[in-house]
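As a plain string of letters, each chain reads:
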Amino acid sequence: MNLFVSLRKDFERFCCRPEFVTNSRRLGVFGRSGSGKSTLVHFLAGLLRTGRGTIELDGEVLTCSERGIWLPPEKRRIAVVFQQACLFPHLDAGKNLLYGYRRTPAELRRVDPKELIEVLELGSLLDRDVETLSGGERQRVALGRAVLASPRLLLMDEPLSALDEGLKYQIIPYLREVFERFTIPFVFVSHSMNEMRLMTDEVVVMHRGAVSDQTTPDELARKRMRRTRVGYINLLTLGGGRENDGLWTYPWGGQKLLLSAGGPEEGLYELSSKDILLFKQHPEAISARNLLVCRVGSRFELGDRVGVELTSGSEKLIAQVVRPAADELGIVEGAKVFAAIKASAFRRLY
Amino acid sequence: MDFSPSDFQAILLSAKVASVATLVSLPFGYAAAYLLVCTRLRGKAVLDGLINLPLVLPPVVVGYLLLLSLGERGWLGSLLAAWPGVRIVFTWWAAVIASAVVGFPLLVRSIRIGLEGIDEKLIQASRTLGARWYDTLFSVILPLSGRSVLAGATLMFARSLGEFGATIIVAGNIPGVTQTIPLAIYDYTNTPGGDRMALLLCLVSIVISFTVLLLNEALVQRFRRSRS
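Residues numbered from 1 in each chain as written. Chains lettered and ligands numbered in written order. Predicted model: local features only at pLDDT ≥ 70, side-chain atom pairs only at ≥ 80, totals over all residues.

Trainee: Which parts of the structure should I look at to understand the overall build of chain B?
Mentor: A count of helices and strands for chain B gives 11 helices and 0 strands. Over its C-alpha atoms, taken along the principal directions, chain B stretches across nearly 70 × 45 × 30 Å. Burial statistics for chain B: of 228 residues in total, 38% are counted as buried. Of all intrachain contacts in chain B linking residues separated by at least 6 positions in sequence, the fraction that spans at least 24 positions is 75%. (Helix = DSSP H or I, 4+ residues; strand = E, 2+ residues; numbered from the N terminus. Buried ≥ 20, exposed ≤ 12 C-beta atoms within 10 Å, placed from the backbone. Contact = placed C-beta atoms within 7 Å.)

What follows is the structure, encoded as structure tokens:
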């Protein structure tokens, strides 16, 4: 997918002027609320007509104010999943699901409804009135409805924000599965760093209406480490765990990780860079249940903080220390360090 | 019951006039409300004012203006006179037109409130899923405004049943031809000893109105049930 955007729209107190080019099939748009993310989505979908600029998708001009071009939303084949599922209340879940499919010419349909219903596990919901669905179910139907329209590009505007924390991460595997199976390029809009890292390959950062950065999600997370209270969030996918004395043991990078909040199935866990303690030598006995032997992969400086990339086998972790600590520990590339992590520092996301 | 034949005719005519006026107005009322709510039309305020004018004008004024334009020398009347045998003034069609004009603002208002209550995001979702504007109108907007259409139609029907001022001027008060219930009651109250009949017709009026209200409520309930 190739997307070119250069727009300008003046509001009363704020000017939205996103400009970027991307080839990424999994693009993220990151920014706080009020940074112009939703305006961008409306522009891309053709729901906003006023304003100046150009939008090109795979060489086709969708909007160009100079040449007076504006393709109406139904001709763009760009579907949107909104923050609220926006299901049609007078249709049941099944009819909602097929709304876009029925309006897509047969030769353009690329997704088989049966297969999609299976992937999203919607089979039992089809006859239900949409008012009776739970938040997560509604969002799954909305996602399925958009995918079944076989769009050239799928826009997701904070699709998980209306869901509560636990549910949010339950939807992500569905999202990933759908996009892997049906290879639809998408733009994922969110203010959540974790969602960016789980869903996208490239991130456009919006700040006060303009693009302030365009980078990879991991790079962005590292840059933001200093500014956020939680530090850098390490995301670990762990599976094949065994329970022993109330703790779960997982294989990780040739070593073992012990977690208190584990489970038998594969899951995603987060660990803050602030919860990793570093030692130069092997401590004799510590209360933390994890003591990993790691190499320093790289070190990066952010003001008075130092980010330390630890490697073990093929796995990586980011820890953060203040500069004097880094000097005392002798943090240089290739150095050996011991990382201590409490078993309770890991938080299960799904 | 000792209704005279002309009383029965008045009752039937009232029902007929109110029904026809409401049914004929429905598509126009819906179109007007749609234009006012869902489009970016210029001069919306003027259109809105024109539609609502009969609501604030005395019905007698509306009737008189209708008489002037529909009469033989009026601009509409002279156009219609081109067809032989077409005459509107002092026929039951005049009563229909008078009821339609006076009840129209009520119909548009109700539908408008319904349309304004539809979440714009639903309309946007339907468009991005490949529906053209008329497709969205029939597959999303119309089904979601069903209740407001029903409410508007009920209101308009009730208003038409009671129409007096405009009707008496443009349709006259001809027993058996253009005399509706309110006009018949008016006649009885001007006749010595007509109080009893006037009261009876009032009762009929109440029964019809109440039946319409009950019918409306039943339909609304059905709407709700079919959606849940």
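What follows continues from the structure just given.
Trainee: Where do I start with the interface of chain B and chain A in this structure?
Mentor: Taken together, the 15 residues of chain B in the interface contact 21 residues of chain A. Looking at the side of chain B that touches chain A, the elements that each hand over two or more residues are helix 6 (120-128) and helix 7 (133-144) of chain B. In terms of residues, the side of chain B that touches chain A owes the most to one element, helix 6 of chain B, which gives 6 residues. Among the residues forming the side of chain B that touches chain A, the class breakdown is 7 nonpolar, 4 polar and 4 charged. (Nonpolar A, V, L, I, M, F, W, Y, C, P; charged D, E, K, R; others polar.)

Trainee: Can you help me understand the domain arrangement of chain A in this one?
Mentor: Accessible area lost when the parts come together is the quantity often used to give the size of an interface. Residues and elements named next belong to chain A. Here the domain parsing of chain A yields domain 1 (3-223) and domain 2 (233-348). Tallying the contact residues gives 7 residues for domain 1 and 6 residues for domain 2. Looking at which element gives the most residues to the side of domain 1 that touches domain 2, the answer is helix 7 (residues 193-199), with 4 residues. Its residues assigned to classes, the side of domain 1 that touches domain 2 shows 4 nonpolar, 1 polar and 2 charged. (Domains from an automatic or database assignment.)

Trainee: Help me out: how do you make sense of the sheet that holds strand 11 (residues 202-207) of chain A in this one?
Mentor: Sheet strands associate in pairs through backbone hydrogen bonding, adopting either a parallel or an antiparallel arrangement. All names here are of chain A. Strand order in this open sheet of 6 strands is 8-9-10-4-11-12, and the pairing throughout is mixed. Among the strands making up the open sheet, the edge pair consists of strand 8 (78-81) and strand 12 (210-215). For this sheet, the mean angle separating the axes of adjacent strands, direction not counted, is 20°. In this structure, strand 11 lies alongside strand 12, joined through 5 bridges in antiparallel fashion. (Pairing = 2+ DSSP bridges. Axes fitted to C-alpha atoms, helices over the stretch in contact; angles between N-to-C directions.)

Trainee: I'm lost on the environment of Ile11 of chain B in this one. Help?
Mentor: Residues and elements named next belong to chain B. Among the secondary structure elements, Ile11 is positioned in helix 1 (residues 5-38). Accessibility expressed as a C-beta count within 10 Å gives 18 for Ile11, which makes it partly exposed. Counting along the chain gives 193 residues from Ile11 to Val204, while the straight-line C-alpha distance between them is 8.0 Å. In contact with Ile11, not counting residues within four places along its chain, are Ile181 and Val204.

Trainee: What's the story with helix 1 of chain B in this structure? I'm lost.
Mentor: Count 3.6 residues to each turn of an α-helix, and residues three or four apart come out pointing the same way. In this model, helix 1 of chain B (34 residues) spans 49 Å end to end at C-alpha, consistent with the 50 Å of a helix rising 1.5 Å per residue. At Leu26 of chain B, helix 1 of chain B shows its maximal bend, which comes to roughly 40°, and the proline Pro27 of chain B appears one to four places after that position. (Expected span 1.5 Å × (residues − 1). Bend = angle between axes of the 7 residues up to and from the residue.)

Trainee: Can you walk me through the pairing of strand 1 (residues 3-10) of chain A in this structure?
Mentor: One face of the sheet, then the other: side chains in a regular strand alternate in exactly this way. All names here are of chain A. Side chains of strand 1 alternate between two faces, with Leu3, Val5, Leu7 and Lys9 buried and Phe4, Ser6, Arg8 and Asp10 left unburied. Relative to strand 5 (residues 52-57), strand 1 runs antiparallel, the two being bridged by 6 bridges. Looking at the pairing, Phe4 lines up with Glu56 of strand 5. In this sheet, strand 3 (residues 19-22) lies alongside strand 1 in antiparallel orientation, the contact comprising 4 bridges. Bridge pairing links Phe4 to Val21 in strand 3. Strand direction decides the pairing type here: strand 1 and strand 2 (residues 15-16), joined by 2 bridges, are antiparallel. Bridging across to strand 2, Asp10 finds its partner in Cys15. Between the end of strand 1 and the start of strand 2, which pair antiparallel, lie 4 residues.

Trainee: Looking at this structure, I do not really get helix 8 (residues 146-161) of chain B. What am I missing?
Mentor: With 16 residues, helix 8 of chain B should reach 22 Å at 1.5 Å per residue; the first-to-last C-alpha distance of 23 Å fits that figure. Every buried residue of helix 8 of chain B is accounted for by Ser148, Leu150, Ala151, Gly152, Ala153, Thr154, Met156, Phe157, Arg159, Ser160 and Leu161 of chain B.

Trainee: How should I be thinking about the environment of Phe186 of chain A in this particular structure?
Mentor: Residue and element names in this part refer to chain A. Looking at the secondary structure, you find Phe186 in strand 10 (residues 186-190). On the basis of neighbour counts, which here come to 25 C-beta atoms within 10 Å, the residue Phe186 falls in the buried class. Through-space distance from the C-alpha of Phe186 to that of Leu236 is 24 Å; in sequence the pair is 50 residues apart. Sequence-distant contacts of Phe186, defined by excluding residues within four places in its chain, comprise Arg26, Leu153, Leu154, Met156 and Phe179.

Trainee: Would you take a moment to explain the pairing of strand 4 (residues 26-30) of chain A for this structure?
Mentor: Residue and element names in this part refer to chain A. Across the 5 residues of strand 4, 4 count as buried, placing the element largely inside the fold. Of the pairings in the sheet, the one linking strand 4 to strand 10 comprises 5 bridges and is parallel in character. Bridge pairing in strand 10 links Phe30 to Ser190. Taken together, the 4 bridges between strand 4 and strand 11 define a ladder with parallel strand orientation. Bridge pairing in strand 11 links Val29 to Val204.

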